[in-house]
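# Coordinate inspection notes
Residues per chain are reported as follows:
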Amino acid sequence: MSRNKGFTLIELMIAVAIVAIIAAIAYPAYTKSAIKGRRADAKAILTQVGQSLERCYTQYGLYTSPSCTQTTAITGGASVDSAQKYYTVTGVVSGTDYTLTATAVSGGPQGKDTDCPTLTLTSAGAQGPSGCW
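Residues numbered from 1 in each chain as written. Predicted model: local features only at pLDDT ≥ 70, side-chain atom pairs only at ≥ 80, totals over all residues. Heavy atoms only, no water.

### Overview of the side chain of D41
By secondary structure assignment, the location of D41 is in helix α1 (residues 9-60). Lacking a salt bridge, the buried D41 has R38 as its closest oppositely charged neighbour, with an N-O distance of 8.3 Å. Polar contacts involving the side chain of D41 include one to the main-chain amide nitrogen of Q84, which spans 3.2 Å. In contact with D41, not counting residues within four places along its chain, are S82, A83, Q84, K85, Y86 and Y87. (Helix = DSSP H or I, 4+ residues; strand = E, 2+ residues; numbered from the N terminus. Buried < 20%, exposed > 50% of the residue type's maximum accessible area, 1.4 Å probe, protein only. Lys, Arg positive; Asp, Glu negative; His and termini not counted. Salt bridge = Lys/Arg side-chain N within 4 Å of Asp/Glu carboxyl O. Polar contact = N/O pair within 3.5 Å; in protein donor to acceptor, adjacent residues only side chain to side chain. Contact = heavy atoms within 4.5 Å.)

The structure is reproduced here in structure tokens:
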């Protein structure tokens, strides 16, 4: 009596179904985690620009001093790209306060971040929205 070795079609379909269920659960969790991890790019550029503005204020007494070369783009109304190009930072800067906003680049991988599409940092140290930092 010889016995055939191998898998039956039913066993194969059960294995495929198990893999599909695991993938259906794991992929959304992975993408959400990746989006959350890329927010570090926004936090880094907001902190960097905020520190530059604070150095300018400490040295010259104004956030908008023309002597501050490191903050010219933001104080002039232009935007600055983050290191990984996931976010663009713009700012509203006056002589004594500022509000910086990092906006996810639409069409990029971070453009799918519906929970925190923008992050903000103010001269008072307020970070928003809550839960995104």
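Having seen the model, we can carry on.
### Brief notes about the confidence of the model for the protein
When pLDDT is averaged along the protein, the result is 90; 98% of the residues meet or exceed 70. Mean pLDDT across the elements of the protein bottoms out in helix α2 (residues 72-75) (78) and peaks in strand β4 (residues 118-122) (96). (pLDDT = per-residue confidence, 0-100.)

### Some thoughts on the pairing of strand β2 (residues 87-93)
Pairing between strand β1 (residues 80-81) and β2: 2 bridges, direction antiparallel. Within β2, the position partnered with V80 by the bridge is V89. In textbook terms, the turn of a hairpin is the stretch between consecutive antiparallel strands, and for β1 and β2 this stretch comprises 5 residues, one of which, K85, has a positive phi near 65°. The pairing of β2 with strand β3 (residues 98-104) spans 7 bridges and is classified as antiparallel. Across the sheet, residue T88 finds its bridge partner in β3, namely T103. With antiparallel pairing between neighbouring strands as the criterion, β2 and β3 make up a hairpin whose turn holds 4 residues. (Pairing = 2+ DSSP bridges.)

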